[in-house]
Structures are given as C-alpha cells and as structure tokens.
Amino acid sequence: MFDFANSSYTTVIITVIYCRVFAEVIVPTSSNPTNPYEDGNFLFGLALFFSYLLVVVTGPLFGAISDFSAKKKTFLFWSYISCVISTAAFWLVSTPGSWELGFGLIILSNFFFASGENFASSFLPHLGPKEELGKISGYAWGVGYMGGLLSVFLVQTFVAPSIDPAIYGSLRFVGPLTALFFLLAGIPTFLLLKEYQPAIKIPEGESYLTIGFKQLSESIKSIRHFKDLVIYLISLFFSMAALAIVIAFAFLYGNQEIKITSGQETALFILLQFFAMIGAIFFGFVQDKIGAKKTFNITLVFWILCLIGIYFVREITGFVNGLGVDISVQWVFVIFGTLAGSGVGSTQSASRAIVGVFSPESKSGEFFGLWGLSGKLAAAIGVFAIGILQKIFDLRNAFLVVAVFFFISLIINTFVNEKRGIEKAKDWERNGGH
C-alpha cells in the first residue's frame, strides 16, 4: 500500500509532469536554439543530485537508529508526512522564472521521498520467507504502478491538461493535488503495519544518535562478512545510476528530442505503467523460480537492448518503413519506451529483494540503509552526469550513458554468488550476529 501511495510523488513530480513544468516553464529558456531547455534540465538534475546526496549522508545512520529503537514505522511516518508537506508547497512557486524556490522544494521533497523508500523497504525481510521475497516485492512494485497511473490521471484531468505557461495558475496545483493523493493513500499503511522487532533499552550515557553512529560503524565492519552483498551493491550502483536517469529524464527526452505529441505521451505513459506492473509481478515469480541474480541480469540485458533501440530509433523507423510499414519515429519511440518500461519495476524490485535475501533480519535496517546509500549516491551521480553531458553534447548522445551504466552493472554482477550470500545471512542469525 505504501508503494501505491508514494508512486504518486515519483511519477507525477519526478517523471511525467512537474519535471517538465520546472525545466520548461519555471526555469527561463536558454539561448541555445537546438536545446532551449538545457538550463532547466541541468537545474532539475542538480536539485535531484543534492537531494540524493542528503540521503546518502543520512540513510545508513537513520537505518541503524531505526533498527536499535524499533521505530521503523515512526521514521517512515515522518518521512511520509514531510514529503506530503514539501510537495504541497510547490504551490508557493507563484510565477515562472522564480525557479529558486522550486529548486529547493525539489531537493527537500525528493529527500523525504527517497528516505521513506529506504524505511519502507527495510520491512521487506519481515513480510515473508526469503524464498518468497521476490514475489512479495514484485506485487508491491506492481501495485505501485497503479498508484502512479491513477495519480497522473487525476492531475492531468483536474489541473494539468498540458505543460503550457499560459495556464501556469492551474499548473501550480500539481504539487498540492499530488500531496493530497499521497496523504490519503498512505493512511492504510500506518493503520495496519506493525513493528516487527522489540525495542532495546538505551544504555546509560547513550542516545539514539551516539548509538546510531556506533551501529553504523559496526555495520561497515560486519558487512565484510557479506562479500556477495558488497559486490552486488557495487553492481547496483551503476544500474541505479542508469535507472535514476531514465526515471528523471525519459519524458523530457521524449518531448524535447523525439517531439512526441500529447496523445503519444499519454499512450506511452499508460502503456509504460501497465507493462512496468506486469514486468514487476512477472519477474517477481521468475526470481523465486530461477534466483535473484539471474533475474536481475535478465532485466539488465533487456534494458541494454531497448536503449540501443531508442538511440537508433530514427534509423530503425527508416528501415521498417522501407519494408512497407507506415509508422512515425514518435510511435516507434513509444514502442521501445513501453518495452523498456517493463524493466523499470522488475529491476528495482529484484534489487530490493536481493538485498532482502542477503540481509540478516536483525540488520535489515542497516543494510537497506547501505542499499539506499549505493542507490542514492548512484542516482545523484547519474542525474548530475546527464545534466552536464546534455549541455556538452545533446540530450540524445548524453542519454546513451544509460546503456553503458547497465552494461557495467551486468559485468560486475557476474561475480556475485547468490547461494553463498544467502547462507552468510542465515549463518549470521544462527550464530547470534557473529
């Protein structure tokens, strides 16, 4: 249910609507005739870069504190309500051109969203046996896409039928309406979710802060016993950098580089959400059958092929039309984008489940904090890199770095031994944390 709720933020604000409002309407256009939105794209990526860095700094510490205090649910609640408030505050960006406030609110709201993502995921090892975590994670991610689809439908219907400066008074309500959806859809989580670990009494002279630092230090030391988790987190770094770029820039790419129409954009979004949901659920079952590592690798190969297709979309369109088919470049892009979209949820869901099966339950908060560190640091570097590259080259060539990142992730992941990683987690629990 929380995946259903928070998908409204990442889909409306980061992927589909507010990213364009900020980059194309709020930030003044540049003097570059071939890329007039390069400044807006760069500032949007820079805001995400700063927010992910904040998560990198705080994620492992918050995870350690939440494990010791048995207050994961409390941490999740405050990240949720803070994201709701800072998202609603986008309404305060009163006129196009005053981008500084919007820039700051993107940093704040995405920091709270990404932190909440870590806290929610840290519950995963408690929700079922390890051999079924892939399926559970896949179901959750699949349901999340339905939340994203519904929230975008509501926003486009009531406040943002198009991204047009002439209707900026209406576009100001994108943030508040998204925040309202997140607020209401998140309520069932806090009514039904339980804390699964008992609290540990704080020793004399200690505080949660000092304990958190000690726990974090111990996590870094103990992770040496989990070689495969370490290798996987390095692999994940590159795939998460790639996914962060796709999530933040896919629709900017479609609108600015491919020039898709509003109808094609709507078709792409609906198809992408549907196929992403199917992909997340399907690969969740596949993961429980063939293993997490193989499933993750399959999704990476699929991504690489689709991204090559997107890069050469004009050439592929010309070839297909030469065979007697009449189809536009824009619709071929929609097809490749839809296919690629089926890998978004499956890759993220598989990554979350792998960390779950490699983590002892007693250290799930800490290790998901490290998962967040690897993923968010990667996201920060990824969105910053494409923001710079699209100013040096163009958006099309800058976007090619996504396929490169996925390829590097695939190579590193071949060194992970899944069975050994699972046994290490079980041994840690059997031996009482030794």
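This is a predicted model, so every value here is computed, not measured.

**Brief notes about the overall build of the protein**
Right, so step 1: What the protein contains, in helices and strands, is 19 helices and zero strands.
Right, so step 2: Here the protein has a C-alpha radius of gyration of 21 Å; the compact-globule value for 434 residues is 22 Å, and the two agree.
Right, so step 3: Taken over the C-alpha atoms alone, the protein extends approximately 65 × 50 × 35 Å along its principal axes.
Right, so step 4: Burial status across the protein gives 59% buried among its 434 residues.
Right, so step 5: Put simply, of all contacts in the protein between residues at least 6 apart along the chain, 83% involve residues at least 24 apart.
Right, so step 6: When the accessible area of the protein is evaluated, it comes to approximately 17400 Å², of which 70% is carbon and sulfur surface.
Right, so step 7: Side chains of the protein give 28 positive and 27 negative charges; the mean places of these two sets differ by 7 Å.

**Remarks on the pattern of salt bridges**
Right, so step 1: What the rule picks out here adds up to 10 salt bridges.
Right, so step 2: A salt bridge links Arg 20 to Glu 265, with the shortest nitrogen-to-oxygen separation between them at 3.4 Å. Remark: Glu 265 occurs in helix α12 (residues 262-290) and Arg 20 occurs in helix α2 (residues 18-26); sequence separation between them is 245 residues. Of the two residues, Arg 20 and Glu 265, neither departs from the other in class, the shared state being buried.
Right, so step 3: Between Glu 38 and Lys 391 there is a salt bridge, and its shortest N-O distance comes to 4.0 Å. In this pair, Glu 38 is assigned in helix α3 (residues 38-69) and Lys 391 in helix α16 (residues 364-392), connecting sequence segments 353 residues apart.
Right, so step 4: For Glu 38, a relative accessible area of 11% puts it in the buried group.
Right, so step 5: Ionic contacts of the salt-bridge type, sharing partners, join the residues Arg 20, Glu 24 and Glu 265 into one network.

**Topic: the nonpolar core**
Looking at soluble globular proteins, one finds that nonpolar side chains tend to be buried together.
Right, so step 1: Ranked by internal contacts, the top residues of the largest apolar core, which has 133 residues, are Ile 17 and Tyr 18.
Right, so step 2: Among the elements that make up this core, the one with the highest residue count is helix α11 (residues 227-258) (22 residues).
Right, so step 3: A domain-level breakdown of this core finds at least three residues from each of domain 1 (1-219) and domain 2 (225-433).
Right, so step 4: Setting aside residues no more than four positions away along its own chain, Ile 17 makes contact with Thr 11, Val 12, Val 152, Val 155, Gln 156, Ala 160, Ile 163 and Val 174.

**Structural notes on the domain arrangement of the protein**
Right, so step 1: Taken domain by domain, the protein holds domain 1 (1-219) and domain 2 (225-433).
Right, so step 2: For domain 1 and domain 2, the distance between their C-alpha centres works out to 19 Å.
Right, so step 3: Residue-level contacts link 59 residues of domain 1 with 52 residues of domain 2.
Right, so step 4: For the pair domain 1 and domain 2, the two sides together bury roughly 5000 Å², of which 64% comes from carbon and sulfur.
Right, so step 5: Among the residues domain 1 hides against domain 2, the three largest losses belong to Lys 130, Trp 141 and Tyr 145. Together they make up 14% of the total.
Right, so step 6: Seen at the junction of domain 1 and domain 2, the total is nine residue pairs in polar contact (both at pLDDT 80 or more).
Right, so step 7: The set of elements that each furnish at least two residues to the side of domain 1 that touches domain 2 consists of α1 (2-16), α2, α3, α5 (99-121), α6 (133-158) and α10 (208-222).
Right, so step 8: Of all the elements, α3 adds the most residues to the side of domain 1 that touches domain 2, at 18 residues.
Right, so step 9: For the side of domain 1 that touches domain 2, the class distribution of residues is 27 nonpolar, 20 polar and 12 charged.

**Quick look at the state of the cysteines**
Right, so step 1: Evaluation of the coordinates by the stated rule reveals zero disulfides.
Right, so step 2: Not engaged in a disulfide, the cysteine Cys 19 finds its nearest cysteine sulfur in Cys 83; these two sulfurs lie 15 Å apart.
Right, so step 3: The exposure class assigned to Cys 19 is buried, which follows from its relative accessible area of 0%.
Right, so step 4: For Cys 83, a relative accessible area of 1% gives the class buried.

**Some thoughts on the confidence of the model for the protein**
Right, so step 1: Model confidence for the protein is summarised by a mean pLDDT of 86, while 98% of its residues fall at 70 or above.
Right, so step 2: Between the elements of the protein, mean pLDDT differs from a low of 74, seen in α10, to a high of 97, seen in helix α8 (residues 174-185).

**Concerning the environment of Cys 19**
Right, so step 1: With respect to the helices and strands, the residue Cys 19 is situated in helix α2.
Right, so step 2: Residues within four places of Cys 19 in sequence aside, it is in contact with Ile 13, Ile 14, Phe 44, Ala 248 and Leu 252.

**Digging into the packing of aromatic side chains**
The geometry of an aromatic ring pair is captured by two quantities: the separation of the ring centres and the angle between the planes.
Right, so step 1: This structure, assessed with the given rule, holds 31 aromatic pairs.
Right, so step 2: Note on Phe 2 and Tyr 80: the rings are 6.3 Å apart at their centroids and 65° apart in plane angle, and the pair reads as edge-to-face. With a gap of 78 residues between them, Phe 2 in helix α1 and Tyr 80 in helix α4 (residues 72-88) connect regions that are remote in the sequence. Each member of the pair, Phe 2 as well as Tyr 80, carries the same accessibility label: buried.
Right, so step 3: One aromatic cluster is present, built from ring pairs that chain together Phe 2, Phe 77, Trp 78, Tyr 80, Phe 182 and Phe 190.
Right, so step 4: Lying over the aromatic face of Trp 91, Arg 172 brings its terminal NZ or CZ to 4.1 Å of the ring centre.
Right, so step 5: We note Lys 391 situated over the ring of Phe 42; from NZ or CZ to the ring centre the distance is 5.8 Å.

**Comments concerning the packing of helix α13 (residues 292-311) against helix α14 (residues 313-322)**
Right, so step 1: In contact at an axis separation of 4 Å, α13 and α14 are set at 80° when each is read in the N-to-C sense. Taken together, α13 and α14 sit at an angle that is classed as roughly perpendicular. Judged by residue contacts, Gly 309, Ile 310 and Tyr 311 of α13 engage Val 313, Glu 315 and Ile 316 from α14.

**Side note on a nonpolar patch on the surface**
Right, so step 1: A cluster of nonpolar residues, Leu 180, Leu 184, Ile 187, Leu 191 and Leu 192, forms a patch on the protein surface that exposes about 530 Å² of accessible area.
Right, so step 2: Elements supplying a minimum of two residues to the nonpolar patch: α8 and α9 (187-192).
Right, so step 3: In terms of residue count, α9 provides more of the nonpolar patch than any other element does, three residues in total.
Right, so step 4: Look at Leu 192 and you get exposed, because its relative accessible area is 66%.

Conventions we followed
Residues numbered from 1 in each chain as written. Predicted model: local features only at pLDDT ≥ 70, side-chain atom pairs only at ≥ 80, totals over all residues. Heavy atoms only, no water. Helix = DSSP H or I, 4+ residues; strand = E, 2+ residues; numbered from the N terminus. Rg over C-alpha atoms; globule rule 2.2 N^0.38 Å. Buried < 20%, exposed > 50% of the residue type's maximum accessible area, 1.4 Å probe, protein only. Contact = heavy atoms within 4.5 Å. Areas by Shrake-Rupley, 256 points an atom, 1.4 Å probe, with all protein chains shown as cover. Lys, Arg positive; Asp, Glu negative; His and termini not counted. Charge placed at Lys NZ, Arg CZ, Asp CG, Glu CD. Salt bridge = Lys/Arg side-chain N within 4 Å of Asp/Glu carboxyl O. Core = buried A, V, L, I, M, F, W, Y, C linked by side-chain atoms within 4.5 Å. Domains from an automatic or database assignment. Buried area = accessible area lost by both parts, 1.4 Å probe. Polar contact = N/O pair within 3.5 Å; in protein donor to acceptor, adjacent residues only side chain to side chain. Nonpolar A, V, L, I, M, F, W, Y, C, P; charged D, E, K, R; others polar. Disulfide = S-S within 2.5 Å. pLDDT = per-residue confidence, 0-100. Phe/Tyr/Trp six-rings, centres within 6.5 Å; stacked < 30°, edge-to-face > 60°. Lys NZ or Arg CZ within 6 Å of the ring centre and 35° of its normal. Axes fitted to C-alpha atoms, helices over the stretch in contact; angles between N-to-C directions. Parallel < 35°, antiparallel > 145°, perpendicular 65-115°, else oblique. Patch = residues over 30% accessible without salt bridge, like charges linked within 9 Å, V, L, I, M, F, W, Y side chains within 5 Å.

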